[in-house]
Amino acid sequence: MNQTLSKKLILTLLAWFIALVVFFPIFWMILTGFKTEGEAVATPPSLFFDPTLVGYHEVMARADYVKFAINSVIVSVGSTLLALLVAVPAAYSMAFLPTPRTRGTLLWMLSTKMLPPVGVLMPIYLIFRDLGLLDSLTGLTIVYMLMNLPIVVWMLYTFFKDVPKDILEAGRMDGAGTLQEVLYLLVPLTLPGIASTGLLSVILSWNEAFWSLNLTTSDAAPLTAFIASFSSPEGLFWAKLSAASTMAIAPILILGWMTQKQMVRGLTFGAVK
Amino acid sequence: MATLELNNIVKEFGDTQVIKGVDLEVKDREFVVFVGPSGCGKSTLLRMIAGLESASSGDIKVDGQRINEVGPAERGLAMVFQSYALYPHMTVEDNMGFSLRLAGVAKEQRRQKVLEAARILQLEPLLDRKPKALSGGQRQRVAIGRAIVRNPSIFLFDEPLSNLDAALRVQMRIELARLHDELDATMIYVTHDQIEAMTMADKIVVLQGGIVEQVGSPMELYHHPRNRFVAGFIGSPKMNFTDVEVLDANADGVAVRLPGGGECRVPVDGSNARPGATLTLGIRPEHLMLDDDGPLGGEIVVIERLGGVTSLYVQCHGDEWILVTDGDVRHRVHDAIRFGFEPGRAHLFAEDGLALASLERHPLVNVERKENRASTASDDR
Amino acid sequence: MRDRASGRTVGGMRTFFLQAPAVSMLLLWMLVPLGMTLWFSFQRYNLLNPMISGFAGVDNYTYLLTDPALWTAMGNTLLLVGWVLAITVVGGTLLAVLFQQEFFGRGIARLLVIAPFFVMPTVSALIWKNMMMHPVNGVLAWLFNLFGFQAVDWFSSLPLTSIVIIVSWEWLPFALLILLTAIQSLDDDQVEAARMDGAGPIAIFWFITLPHLKRAISVVIMIEMIFLLTIFAEIFVTTSGGPGLASTNLAYLIYIRALLDFDVGGASAGGVIAIVLANIVAIFLVRTVAKNLET
């Protein structure tokens, strides 16, 4: 009895030590957000200080921070809703009306995800330039939607597969058409799955940093680009940077924690459940 | 009021034919059971009638009208699924009223119809519950209620009792038979359990490998199986089979030599049998009798006592035989026993599996449980 | 009434209409840029100098392949991918086993340890650049001094190592998250049977846990590879590929060619190389996933 307890204590210490080390940079960033600029760069680093909201006030006072945040919300939520709209019918037909080609289609969708963004940077950049989509919310929303579409289809497909076929057939016997089947039966039954799929898509779009850095400059720039701008001389303002970063990652961190289980399924294309 | 007719129905999945040309006629108010081992195509056949699968060729007719191209909801049929397929996010009342809601029936009317069905099935106290708060038997009744509400011309059941425990299954069996009587509707019922088929059916359709092996009343199938497959499938425990040599054969009977040298004359039409040929003799366990002078004998290997009856498993000339005997039989394992049977109870099967026709029809074969209807057996072999 | 329903049981057309939007969009998204990249890679094409134009044949490729920068970038890419993979997979497996055990506050500790994966790459890069690895004010510098070592100027003297550390910090939680989920599906009975057979903790890990995790590990490796081959933001924010080309990977090199030099032809040739590299990995990943997919 005592032996198992001491084993548990050692495990606890070890695991918590590692967890704290891994989490430390985030913790430190959050802490720094509540410091003054002077304290932020102090050596030795100060752990105890008078917390202040100056950093937050200054970031919020900058009109452009709010604009970047709004851009992030519009682009990630918009691209997610669009992706769901296109993916639900596709995943529905793949899960419930499988044809010999379904498997191939699914794997092909997965393979589009393998196309490295740098490989197609030039064409996308030029197409967007010619269509006037550079630095536009529409353009970025479209890119994110397409970027996430394969994952969204896959995740929905694995969730839909869990719905007994019988229930939809009973619906059809009861007189439901395809649209009614999806609206009255499938969507209510898989709402948790659809929600976590949506959240994953929001998270991925929110954190995306290749297209946002290369396709936007100011008008449509989301938070990733805003934070990146701190790498230039402005980066000296650590407290402000930390406050902005904390606000930028907080919602995603919370969403990520909430959906971690389902995310595994989406991120591994159903290969790990 | 509804009759159903299947004409040469074929179903192909890719290159494989799973239903190989089925003809069938179901009369109004008949309780028809499709029975067969798993993979025989019985569920596929039912799903084609329901409209959930399309037939590759052939006609499906309800009341004489071809409905192949009609959607499942418009066929006027209702189906009870093996898994019940209740909508988990709706209450019992909403489950039962869903079809009416889709059809745009007013709320008041909907409620009335649901209440009526709930009364028949004693579901009134459960109307506000969700399916997951119900027991297996209650879910089953809701699924049936959902079918009743639609007031279908034909009820389809896809192995509806297979998810229930044994006691509940017996109870639901009785309830279904009562419901059939009360609703006076045509019902088609799929099961792999021959006991369900025997107890509920007016007419049984035995399927194997996508082919109808035999159609007939339960007693007809029991007493006059058309071939060895049906003989082995209907009845429990299974019929005993053994190879026998033909000694003499004519239209009035066939004399055969049993394993161990005994002889017996079976009253079947032996016009096509030749002396010296090998036939298969089949005899049901309940038709074997302990008899010290019997032509067969062997050592008891296992005894199963059920109280009312006792099953003896006997090693006899290389075959294992099952005897169902009186519950009070005193024999023990390893006892040597002798047994025999009444020749009229035995069946003979030719090499191709077909039974040699009995000379006499069993008196119960054409007696039906309600009114008298001539049965039309159809087969396509 | 009855005609309305015709065709309802025929799945083909319905399937087509339901999938058409998703499939056609992805087809466009893949084929058009892919085709253009291939086309550009054989063209003389510079956005800054419209005078340069025309068919270049394989010149872009020859130029690129003979450019030492490409090979430096390729080498950096492989080093980056290799090290991060080694650190995250080995670390992730060990941590998955650790965090699977019962201990006090396990739920919260798990949340803390997977948190870095949800942090946007630009933020992680800046946290490390400014607050952790800063040669004067960074926490690491302070720690080094505390223990009597010389503080390191990470991004000047060990640029690639610094990037590896940052990227590993981001992806270790990913590996842990996946492997922890996989480990939870390990049958307890199996472990207990092994224990009855006299297996100690190490034998159990080696003979039961590790084989069970095999597929999950291979999935982690392949998915990480897809993303790690094109690491961009972390380099962009911290070293900008420098000093010199010391921390330039293939993705960053293409970016330099494309959006700094505006050499469309050269960048596209680089893009084609990146696509080929990614596809080699993709084939294996698709196969693994396909095995798991019953339709």
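Quick caveat: nothing in here was measured; it's all calculated off a predicted structure. (Residues numbered from 1 in each chain as written. Chains lettered and ligands numbered in written order. Predicted model: local features only at pLDDT ≥ 70, side-chain atom pairs only at ≥ 80, totals over all residues.)

S.K.: So what's going on with the interface of chain C and chain A? Which residues, and what values?
M.R.: Listed as interface residues are 87 residues of chain C and, on the opposing side, 85 residues of chain A. Residue contributions to the side of chain C that touches chain A peak at 19 residues, all from helix α1 (residues 11-40) of chain C. In the side of chain C that touches chain A, the residues fall into 66 nonpolar, 18 polar and 3 charged. (Contact = placed C-beta atoms within 7 Å. Helix = DSSP H or I, 4+ residues; strand = E, 2+ residues; numbered from the N terminus. Nonpolar A, V, L, I, M, F, W, Y, C, P; charged D, E, K, R; others polar.)

S.K.: Could you give an account of the pairing of strand β14 (residues 278-283) of chain B, naming the residues involved and the relevant values?
M.R.: All names here are of chain B. In the sheet, strand β11 (residues 240-250) pairs with β14 via 6 bridges, with the strands oriented antiparallel. Pairing of glutamate 245 across the sheet is with threonine 278, part of β14. Examined bridge by bridge, β14 and strand β20 (residues 347-349) share 3 bridges and lie antiparallel to one another. Across the sheet, residue leucine 281 finds its bridge partner in β20, namely leucine 348. (Pairing = 2+ DSSP bridges.)

S.K.: Give a detailed account of the interface of chain B and chain A, specifying residues and quantitative values.
M.R.: Residue-level contacts link 16 residues of chain B with 14 residues of chain A. Of all the elements, helix α2 (residues 92-102) of chain B adds the most residues to the side of chain B that touches chain A, at 3 residues. Partitioning the side of chain B that touches chain A into residue classes produces 13 nonpolar, 3 polar and no charged.

S.K.: Which residues make up the domain arrangement of chain B, and what values go with them?
M.R.: On domain assignment, one finds that chain B holds domain 1 (4-231) and domain 2 (237-349). In this complex, domain 1 of chain B contributes 4 residues to the contact, which on the side of domain 2 of chain B involves 5 residues. (Domains from an automatic or database assignment.)

S.K.: Any chance you could break down unusual backbone geometry for me, citing the residues and the numbers?
M.R.: Geometrically, the link from B:Ser236 to B:Pro237 is a cis peptide bond, its omega value of -5° lying close to zero. By the secondary structure assignment, B:Pro237 is in the loop between α8 (228-233) and β11. Phi angles above zero are rare outside glycine, and B:His334 is one such case at about 75°. With respect to the helices, strands and loops of the structure, B:His334 is situated in the loop between β18 (319-326) and β19 (336-341). Positive phi values are uncommon outside glycine, yet C:Ser240 reaches one of about 50°. Structurally, C:Ser240 is set in the loop between α11 (233-237) and α12 (250-260).

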